[in-house]
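Structural features, examined
Given next are the chains, with one letter for each unit.
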Amino acid sequence: MSSTSAFHTAIVPAAGLGTRFLPTTKAVPKELLPVVDTPGIELVAAEAAEAGADRLVIVTSPDKESVGEYFKPQPELENTLRERGKTDLLAKVRRAPDLIKVEIALQHKALGLGHAIGCAEPNLTDADEAVAVLLPDDLVLPTGVLTKMAAVRQQYGGTVLCAFDIPREQISAYGVFDVADTGDEDVKKVVGMVEKPPADQAPSTFAAAGRYLLDRAIFDAIKRITPGAGGELQITDAIALLIAEGHPVHVVVHRGGRHDLGNPGGFLRAAVDFALDHPDYGPDLAEWLRDRVRNA
């Protein structure tokens, strides 16, 4: 496999406490909360599989084993549904186990995104010259950006990240890329990164999103960066180190939308958006929403 080939393994960091969803997340991991009728972690797994991944490494904490269990077959339940002729429900239950091979890597302490990604290194093989990382809080719509990112890696090598073009007045809430043009307006070479700059000092309006295609060199870089606030290892620091050492880093500017499942407000918007597109729930929900807004 050449160094510019597509990825086979995707990493999903899912060890967080889900504090913004307490008290629910005392018992149910945030990643298993359903967006209509499908947990967010399954939506992200489906995106990785669609882009060509055949293995998903979920980095989670020891008390969130149910995230991995969700992807295991349930023979008794499946047999019961089969015997009762509930083929539609059986297909739903089989969907996650059939999507992709899932492995678990444990992160015993929440020490930053860079540390979480590093926890997956023992799960990799020599064939993994690049890995995708999908943050489960981010739903990037429509899907397909990872496929474009893989094509950019095939052209330029190195590491490829996803970016959104954010209005400048909102840019200070994001990590921002300092970029140079490549000739393709949706592909930029990254020359630096700035975390949450003042709007008038931001080097661009291209902000980091929750999709990464990381060259295997990232794991060595993670081991060489210095912990920041709270003793956390940040992936942006590891990427900045690679840039400083001449490692090629590019961004693909995604012109679609996104939902943030990391807070209840964003989660509700995602649920409404997906429900409106659902053939069973969409028409009634749209009518109810029109009435509800009219009478608000």
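Taking an unreviewed UniProt entry as the reference, the protein is identified by name as UTP--glucose-1-phosphate uridylyltransferase belonging to Goodfellowiella coeruleoviolacea. Recorded in UniProt for the protein, the comment headed Catalytic activity (unreviewed entry) runs: "alpha-D-glucose 1-phosphate + UTP + H(+) = UDP-alpha-D-glucose + diphosphate". For the record of the protein, the UniProt heading Sequence similarities (unreviewed entry) holds the text "Belongs to the UDPGP type 2 family."

A look at the UniProt feature "domain: Nucleotidyl transferase" (unreviewed entry) in the protein
UniProt annotation of "domain: Nucleotidyl transferase" (unreviewed entry) refers to residues 10-273 when read in the numbering used here. Helix makes up 32% of residues 10-273 and strand 27%, and the two end C-alpha atoms of the span are 26 Å apart.

Overview of the packing of aromatic side chains
Geometry of an aromatic ring pair is reported as the spacing of the ring centres plus the angle between the planes. Evaluated as defined, the whole model comprises two aromatic pairs. Centroid distance tyrosine 70 to phenylalanine 71: 5.4 Å. Interplanar angle 90°. Geometry classified as edge-to-face. Note on tyrosine 70: relative accessible area 26%, which makes it partly exposed. Sitting above the plane of the phenylalanine 164 ring, arginine 258 keeps its charged end 5.0 Å from the centroid.

Some points on the pattern of salt bridges
With the rule as written, the count across this model stands at 20 salt bridges. Aspartate 181 is the partner of lysine 188 in a salt bridge, and the nearest nitrogen-oxygen pair spans 2.9 Å. Judged by relative accessible area, which is 64%, aspartate 181 ranks as exposed. Residues joined by salt bridges that share partners form a network here, namely Arg55, Lys101, Glu103 and Asp128.

Notes on unusual backbone geometry
In this structure, proline 23 follows leucine 22 across a cis peptide bond, with omega equal to 10°. Positionally, proline 23 belongs in the loop between strand 1 (9-13) and strand 2 (34-35). Here the amide bond leading from leucine 141 into proline 142 is cis, since omega sits at -10°, within 30 degrees of zero. In this structure, valine 36 takes a positive phi of about 65° despite not being glycine. Among the structural elements, valine 36 can be located in the loop between strand 2 and strand 3 (38-39). Valine 36 sits in the partly exposed class, given a relative accessible area of 27%.

Observations concerning empty space enclosed by the protein
Tallied over the full model, the rule gives two cavities of 30 Å³ or more. Taken as a whole, the largest cavity spans an internal volume of roughly 50 Å³. Residue classes in the lining of the largest cavity are distributed as four nonpolar, one polar and three charged.

What to know about the nonpolar core
Across soluble globular proteins, nonpolar side chains have a tendency to be buried as a group. One finds Leu56, Leu134, Met149 and Leu213 to be the most contacted residues of the largest nonpolar core, which totals 45 residues. Non-local contacts of leucine 134, meaning those with residues more than four positions away in its chain, are made with Ala10, Ile11, Val12, Pro13, Val44, Glu47, Ala48, Leu146, Gly210 and Arg211. Grouped together as the second largest cluster of nonpolar side chains are 34 residues, Cys119, Ala120, Leu233 and Ile243 included.

Focus on the packing of helix 9 (residues 264-276) against helix 10 (residues 282-294)
Where helix 9 contacts helix 10, the two axes come as close as 8 Å, and the packing angle between them is 125°. In terms of axis orientation, helix 9 runs oblique to helix 10. The segment helix 9 lies against helix 10, with Val272, Ala275 and Leu276 engaging Gly282, Leu285, Ala286 and Leu289. Classifying every residue of the contact of helix 9 with helix 10 gives six nonpolar, one polar and no charged.

Here's the deal with the environment of lysine 101
By the secondary structure assignment, lysine 101 is in strand 5 (residues 101-106). For the pair lysine 101 and threonine 182, spaced 81 residues apart in sequence, the C-alpha separation works out to 36 Å. The residues touching lysine 101, leaving out its near neighbours within four places in the chain, are Asp54, Arg55 and Leu56.

What to know about the packing of helix 7 (residues 217-224) against helix 8 (residues 235-244)
At their nearest, the axes of helix 7 and helix 8 sit 9 Å apart, and the two run at 110° to each other. Classified by the angle between their axes, helix 7 and helix 8 sit roughly perpendicular to one another. Counted together, Ala217, Ile218, Ala221, Ile222 and Arg224 of helix 7 and Ile235, Ala238, Ile239, Leu241 and Leu242 of helix 8 form the full contact between these two elements. Considering only residue class, the contact of helix 7 with helix 8 consists of nine nonpolar, no polar and one charged.

Reading the values: rules and limits
- Residues numbered from 1 in each chain as written.
- Predicted model: local features only at pLDDT ≥ 70, side-chain atom pairs only at ≥ 80, totals over all residues.
- Heavy atoms only, no water.
- UniProt positions renumbered as here; feature names shortened; annotations may be inferred.
- Helix = DSSP H or I, 4+ residues; strand = E, 2+ residues; numbered from the N terminus.
- Phe/Tyr/Trp six-rings, centres within 6.5 Å; stacked < 30°, edge-to-face > 60°.
- Buried < 20%, exposed > 50% of the residue type's maximum accessible area, 1.4 Å probe, protein only.
- Lys NZ or Arg CZ within 6 Å of the ring centre and 35° of its normal.
- Salt bridge = Lys/Arg side-chain N within 4 Å of Asp/Glu carboxyl O.
- 1 Å grid on protein atoms, 1.4 Å probe; cavity = no way out; pocket = protein on both sides within 12 Å on 5 of 7 lines; lining within 4 Å.
- Points joined across faces, edges and corners; volume = space filled by probe spheres on them.
- Nonpolar A, V, L, I, M, F, W, Y, C, P; charged D, E, K, R; others polar.
- Core = buried A, V, L, I, M, F, W, Y, C linked by side-chain atoms within 4.5 Å.
- Contact = heavy atoms within 4.5 Å.
- Axes fitted to C-alpha atoms, helices over the stretch in contact; angles between N-to-C directions.
- Parallel < 35°, antiparallel > 145°, perpendicular 65-115°, else oblique.

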